[in-house]
Amino acid sequence: MKRFLARPALFYGVFFVGSFLFFEINYRYWYRFMEQYSLFLYTEAYFMKLCEQPGGFNAYLTAFITRFFTFPYVSSVCLSLLLTLMSLLSARLLKKRSRLLSLFPAVLFCLFPVESIASVLAALTGIAAVSGYAAIQKPLPRYITGFALITVCYLLAAPAHLLAAAGMMICECYGAAGKKRFFPAFGWLIWALLCPLLAMRTLYVVPMREAFLGRHLFHPEYPIPASFWYIWCALPFIMLLVYGLRRPKPLFKEGLRQLAAVSLLVGATAIALVYGGHPLEQAYRYDWFARGQQWEAIVEDVARHPVKDRDALIYANLAHAYTGTFNEALLRLPQVGEDGFIPYDPKTRLELIEASEVSWLLNHTNSAQRFAFVGVLSSERNVQSRLMERLVETYLVNEEYKAAEKYIRILEMSKPHNPRIKELRRLLEPETSASTPWISERRRLTPLTDNPYDLTKTFPSALAFLIDDHPDNKAAFEYAMGYLLVYKELNIFMHYMEARKERGEPLPVVYQEAICLFYTAVQNEPETLRSYSIDPAVYQRFLGYMQQLKGLTPALLSRRYGDTYYYYAQFVQPPRKPVR
């Protein structure tokens, strides 16, 4: 038993499995979402362009690995392997004095999950450099190797050179690599600081911050996150702690200590699995389904799990609209008003995708194109591949074939075997695109008059223009009616119902319930009510509600009629209209 518990394979195997479960359960769709913000190109020019920046090779390798994150389990396995290897190298540096402490740098990556594995790869490069340096006993070969390692770390994976220099400095100061030598220790720190300054004068034309830290670990125009310093200072701090303090006499036997370490690791993993997670996990899951046009999957998930936030609600409404169940689900979903249909003034990555998706659904092609274009430009100085496909689609609808071909060429260099890209190239032929159903339908529904309203800022007015141009724009009509019903604007709603009655179109149940309520409670006009094709079952249920309204308790009314519009109109407070 003691031998079994003492085996490193057991301890780090538990950590690998725990990390895998943590990322797979809580961050699977988040990393799939992030995949589209790293457009890897199979071209020499792309490789050379990245290598002309500090840490460019690390960015190139990151983009290559990240492109596989759309496949099942790849992101979780990749991150778990990298963090486990980081822990093994840390344990080697600490000379196996504390396995739990060797996990600390890797655990911080779990506590502060990074959007890109570039930071993990860079940290791993720095730790590997220190480990290799400490393994060399003879001073002169060690110094030559240290000089080369810091230089290579800077060129390939900056800021790994800073972590490598800090580790080498500690090894020299505390004699971990032989005798204590303070002069070379501080020499590594000086060389690590000189590397970026020399590179700025000879190799790169970059700002000071990018020269030292690179530009691929986080957004180059945002402040450096505090978590970066926690993670990158963790290993030097632990090395100082372990090397600087005398190791006290152990209180317990080896077997008990190993059992305690494994038990603590298992307990911490269980807590992380229960309480960990990304706050937008549901929204990212729905975004993944929307990316593959799996609208039924979103509808099924909504039926099993409550909608938790606004972003998930936008996708839920989208999915029900695509599956023809928007009217049925309108009152079942926790509607928050206009912001639950389309994000207001979108700026974040997810909001821009949502705004483009809703605009595309509503057949407002130019708005879909605008949000996609902004999303492509704002993707951390990379190119957003998913919204680039949307740009191609909008250009095809607008018959701008040259612009469409430009983006298709970029996508072909990134995804040469993607059947969707091949299909888009086929549509560059005007005759082929004109005969394609989805393109011809969107061209038919192109707005006929100038629409001065922004869908994301003046949603109801923009919808009104779309409906006036094309009353048969089903998605725009349903979204407009949903907006009016949620805000209880029945007078305007009835204006559209009268036009629909004249065209002889069937009415969904929620529309019929609203009509019954309007001509009974708002305007007492039974003759006008009879002119609508109200289903007898719907009308009888409404009469039952009116008769039992005063005799039933609110709880009983909710149980019997909580899914009806007339119950919503009387007992549910409508969302506040946003102040613009």
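Everything numeric in this text was worked out from a predicted model, so none of it was measured.

Asks: Help me out: how do you make sense of the overall build of the protein chain in this one?
Replies: Along the protein chain, the regular secondary structure elements total 34 helices and zero strands. In terms of its C-alpha atoms, the protein chain occupies a principal-axis envelope of roughly 100 × 60 × 40 Å. When burial is assessed residue by residue, the protein chain has 51% of its 580 residues classed as buried. Contacts spanning at least 24 positions in sequence make up 67% of the contacts within the protein chain whose residues lie at least 6 apart. By element, 62% of the accessible surface of the protein chain is carried by carbon and sulfur atoms, the whole surface being about 27,900 Å².

Asks: Explain the pattern of salt bridges to me, please; I cannot follow it from the model alone.
Replies: Using the criterion set out here, one finds 27 salt bridges in the structure. Among the ionic pairs, Arg390 bridges to Glu393, the shortest N-O distance being 2.9 Å. Residue Arg390 and its partner Glu393 are both found in helix α22 (residues 385-397); the two are separated by three residues, about one turn of the helix. Of the residues examined, Arg390 reaches a relative accessible area of 8% and is grouped as buried.

Asks: Looking at this structure, I do not really get the layout of surface pockets. What am I missing?
Replies: Empty pockets left among the atoms are what a rolling probe the size of a water molecule brings to light. If you add up the space inside the second largest pocket, you get close to 810 Å³. In terms of lining residues, the second largest pocket is bounded by 34 residues, among which Arg291, Glu389, Lys415, Asn418 and Arg420 are the most central. At the level of secondary structure, the elements contributing two or more residues to the lining of the second largest pocket comprise α16 (281-291), α20 (349-361), α22 and α24 (419-426). Of the residues that constitute the lining of the second largest pocket, the class distribution is 13 nonpolar, 11 polar and 10 charged.

Asks: Sorry if this is basic, but what is going on with the packing of helix α5 (residues 56-66) against helix α9 (residues 118-134) here?
Replies: Across the interface, α5 lies against α9 with an axial gap of 9 Å and an inter-helix angle of 130°. What the angle tells us is that α5 and α9 run oblique. Note on packing geometry: the crossing formed by α5 with α9 is right-handed. Here Asn58, Leu61, Thr62 and Ile65 of α5 come into contact with α9, specifically with Ala118, Leu121 and Ala122. Tallied by class, the residues present in the contact of α5 with α9 amount to five nonpolar, two polar and no charged.

Asks: How should a nonpolar patch on the surface be read in this particular structure?
Replies: Residues Tyr42, Phe57, Leu61, Phe64, Val152, Leu155, Leu156 and Leu203 make up a contiguous nonpolar surface patch of about 660 Å² in total accessible area. Put simply, the parts of the chain that give the nonpolar patch at least two residues each are α5 and α10 (139-157). Positionally, Val152 belongs in helix α10.

Asks: Honestly, the confidence of the model for the protein chain in this entry has me stumped. Any pointers?
Replies: Residues shown with low pLDDT carry predicted positions that ought not to be read at fine detail. Mean pLDDT over the protein chain stands at 88; residues scoring 70 or higher make up 91%. When the elements of the protein chain are averaged for pLDDT, helix α1 (residues 2-6) gives the smallest value, 49, and helix α18 (residues 310-322) the largest, 97.

Asks: In this structure, what is going on with the nonpolar core? I would like to understand it.
Replies: In a soluble, globular protein the nonpolar side chains are often hidden away together inside. Judged by nonpolar contacts, the single largest core of 175 residues is most densely connected at Leu362, Tyr479, Phe493, Met497 and Ile515. In terms of residue count, α9 provides more of this core than any other element does, 11 residues in total. In this structure, Phe493 is in contact with Met481, Leu484, Leu485, Tyr511, Ala514 and Ile515, ignoring residues within four places of it in sequence.

Asks: Would you mind showing me how to read the environment of Leu121 here?
Replies: Assignment of secondary structure puts Leu121 in helix α9. With 35 residues separating them along the chain, Leu121 and Met86 place their C-alpha atoms 9.3 Å apart. Residues within four places of Leu121 in sequence aside, it is in contact with Asn58, Leu61, Thr62, Ile65 and Leu82.

Asks: Would you mind showing me how to read unusual backbone geometry here?
Replies: Peptide bonds are, in most cases, trans, and in most cases residues other than glycine have a negative phi. The omega angle of the peptide bond from Ala158 to Pro159 is 10°, so this bond is cis rather than trans. Tracing the backbone shows Pro159 in the loop between α10 and α11 (160-173). The phi dihedral of Asn363 is positive, around 65°, even though this residue is not glycine. Structurally, Asn363 is set in the loop between α20 and α21 (365-377). Relative accessible area serves as the criterion here: at 9%, Asn363 is assigned to the buried category.

Asks: I would appreciate a short explanation of the packing of α11 against helix α14 (residues 226-244) in the present structure.
Replies: If you want to describe how two helices pack, look at the angle between their axes and the distance between the axes. Remark: α11 packs on α14, axes separated minimally by 10 Å, with the N-to-C direction vectors making an angle of 5°. Considering the angle they form, α11 stands roughly parallel to α14. In this structure, α11 contributes Ala160, Leu163, Ala166, Gly167, Ile170 and Cys171 to the contact, and α14 contributes Trp232, Pro236, Met239, Leu240 and Tyr243. Looking at the contact of α11 with α14 residue by residue, the classes come out as 10 nonpolar, one polar and no charged.

Asks: Explain the side chain of His364 here, please?
Replies: With respect to the secondary-structure elements, His364 resides in the loop between α20 and α21. Excluding anything up to four places from it in sequence, His364 contacts Ser359, Asn451, Leu455 and Leu466.

Asks: For this particular structure, what's the right way to read the packing of aromatic side chains?
Replies: Within a pair of aromatic rings, the relevant descriptors are the distance that separates the centres and the angle that separates the planes. A complete count under the given rule lists 48 aromatic pairs for this structure. In textbook terms, an aromatic cluster arises when at least three aromatic residues are bridged by ring pairs, as seen for Phe40, Tyr42, Tyr46, Phe47, Tyr60, Phe64, Phe68 and Phe71. Above the ring of Tyr37, the side-chain terminus of Arg349 is found at 5.2 Å from the ring centroid. Lys488 extends its terminal NZ or CZ atom over the ring of Tyr568, reaching a point 5.5 Å from the ring centre.

Asks: Explain the state of the cysteines here, please?
Replies: Simply put, disulfide is the name for a covalent bond between the sulfur atoms of two cysteines. Taken as a whole and judged by the stated rule, the model has zero disulfides. Here Cys173 is not disulfide-linked; the sulfur of Cys171 is the nearest cysteine sulfur, at 9.6 Å. Here Cys173 falls in the buried class, since its relative accessible area comes to 13%. Lacking any disulfide linkage, Cys195 is separated from the closest cysteine sulfur, that of Cys153, by 9.9 Å. Given a relative accessible area of 6%, Cys195 falls into the buried group.

Asks: I tried to follow α20 on my own but got confused; where do I start?
Replies: Since there are 3.6 residues in each turn of an α-helix, residues three or four apart along the chain are aligned in direction. In this model α20 runs 19 Å from its N-terminal to its C-terminal C-alpha over 13 residues, within 8% of the 18 Å that 1.5 Å per residue would give. Among the 13 residues of α20, 13 are classified as buried, and the element is accordingly described as predominantly covered. Residue Asn363 follows α20 closely and has a positive phi angle near 65°.

Parameters and conventions
- Residues numbered from 1 in each chain as written.
- Predicted model: local features only at pLDDT ≥ 70, side-chain atom pairs only at ≥ 80, totals over all residues.
- Heavy atoms only, no water.
- Helix = DSSP H or I, 4+ residues; strand = E, 2+ residues; numbered from the N terminus.
- Buried < 20%, exposed > 50% of the residue type's maximum accessible area, 1.4 Å probe, protein only.
- Contact = heavy atoms within 4.5 Å.
- Areas by Shrake-Rupley, 256 points an atom, 1.4 Å probe, with all protein chains shown as cover.
- Salt bridge = Lys/Arg side-chain N within 4 Å of Asp/Glu carboxyl O.
- 1 Å grid on protein atoms, 1.4 Å probe; cavity = no way out; pocket = protein on both sides within 12 Å on 5 of 7 lines; lining within 4 Å.
- Points joined across faces, edges and corners; volume = space filled by probe spheres on them.
- Nonpolar A, V, L, I, M, F, W, Y, C, P; charged D, E, K, R; others polar.
- Axes fitted to C-alpha atoms, helices over the stretch in contact; angles between N-to-C directions.
- Parallel < 35°, antiparallel > 145°, perpendicular 65-115°, else oblique.
- Left-handed = near helix turned anticlockwise from the far one by under 90°.
- Patch = residues over 30% accessible without salt bridge, like charges linked within 9 Å, V, L, I, M, F, W, Y side chains within 5 Å.
- pLDDT = per-residue confidence, 0-100.
- Core = buried A, V, L, I, M, F, W, Y, C linked by side-chain atoms within 4.5 Å.
- Phe/Tyr/Trp six-rings, centres within 6.5 Å; stacked < 30°, edge-to-face > 60°.
- Lys NZ or Arg CZ within 6 Å of the ring centre and 35° of its normal.
- Disulfide = S-S within 2.5 Å.
- Expected span 1.5 Å × (residues − 1).

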